[in-house]
Amino acid sequence: MAVLKPDPEVFARELSQQEWVDAQKLDRLCRAVDTDESGKLTREQFENGLQKNHIPLLLKSLGLQRHHLVEFFKFMAEDSSGDGQVDIHTFVNGCMVLRGVATNFDLQKLHAELKSNHAQHDKHLDSIMRILREKFDL
């Protein structure tokens, strides 16, 4: 029985390799619908990609639901640098993180990132207010 028991190290290595292969497949599919080869996806390109058979099949194999992915893309597009486009590399990495159930670690990481973003926002707001006060002698 001990001989038949899978080696945890081999299992982890195979799982990691499969995740890398899946990420590469999703990256290639996204780049295939990136018609202007900008390395970013517009909402139209993303929607066109979802209409093609390969992306939905890959998403299903990754355990990702279409509606979750659409919401994720929408969130990333709103959070982008104002052009509404989503960087393919960032999108693929995000999709790979979305797979499976959230762990307590994932939630704590998200909470820390939100706190960091909030602190940066406050810092920028303080800088803007300081500049405005100096400009208008407030």
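Look up: the structure comes first, before these words.
Everything quoted here is computed from the prediction, not taken from an experiment. (Residues numbered from 1 in each chain as written. Predicted model: local features only at pLDDT ≥ 70, side-chain atom pairs only at ≥ 80, totals over all residues. Heavy atoms only, no water.)

1. Considerations on helix 2 (residues 43–51)
Those residues of helix 2 lying buried are Q45, F46, G49 and L50. The arc that holds the buried residues of helix 2, viewed along the axis, is 140°, so those residues lie on one side. Looking at helix 2, the residues exposed on the side facing more than 90 degrees away from the buried face are E44 and Q51. (Buried < 20%, exposed > 50% of the residue type's maximum accessible area, 1.4 Å probe, protein only. Helix = DSSP H or I, 4+ residues; strand = E, 2+ residues; numbered from the N terminus. Arc of directions from axis to C-beta.)

2. Overview of the packing of aromatic side chains
Evaluation of the coordinates by the stated rule reveals four aromatic pairs. When the ring of F46 is compared with that of F73, the centres are 4.1 Å apart and the planes differ by 5°; the resulting orientation is stacked. With F46 in helix 2 and F73 in helix 4 (residues 66–78), this residue pair connects regions lying 27 residues apart in the sequence. Given the relative accessible area of 0%, F73 is considered buried. Seen from their ring centres, F46 and F91 are 5.6 Å apart, and the 85° between their planes marks the pair as edge-to-face. One end of the pair, F46, is in helix 2; the other, F91, is in helix 5 (residues 88–98), and 45 residues separate them in sequence. Here F46 and F91 have matching classes, each one buried. (Phe/Tyr/Trp six-rings, centres within 6.5 Å; stacked < 30°, edge-to-face > 60°.)

3. Concerning helix 5
One full turn of an α-helix is made of 3.6 residues, so residues set three or four places apart face in the same direction. Of all the positions in helix 5, only I88, F91, V92, G94, C95 and M96 are classed as buried. Where helix 5 begins, the side chain of D87 points an oxygen toward the backbone nitrogen of H89, at a separation of 3.3 Å. (Polar contact = N/O pair within 3.5 Å; in protein donor to acceptor, adjacent residues only side chain to side chain.)

4. What to know about the pattern of salt bridges
This model, assessed by the stated rule, comprises three salt bridges. Note that R31 is salt-bridged to D27, the shortest N-O span being 2.9 Å. Placement of both R31 and D27 in helix 1 (residues 8–33) is noted, with a separation of four residues, approximately one turn of the helix. By relative accessible area, which is 40% here, R31 ends up partly exposed. R43 serves as the salt-bridge partner of E47, at 3.9 Å between the closest nitrogen and oxygen. Taken together, the positions of E47 and R43, both in helix 2 and four residues apart, correspond to about one turn of that helix. Relative accessible area serves as the criterion here: at 24%, E47 is assigned to the partly exposed category. (Salt bridge = Lys/Arg side-chain N within 4 Å of Asp/Glu carboxyl O.)

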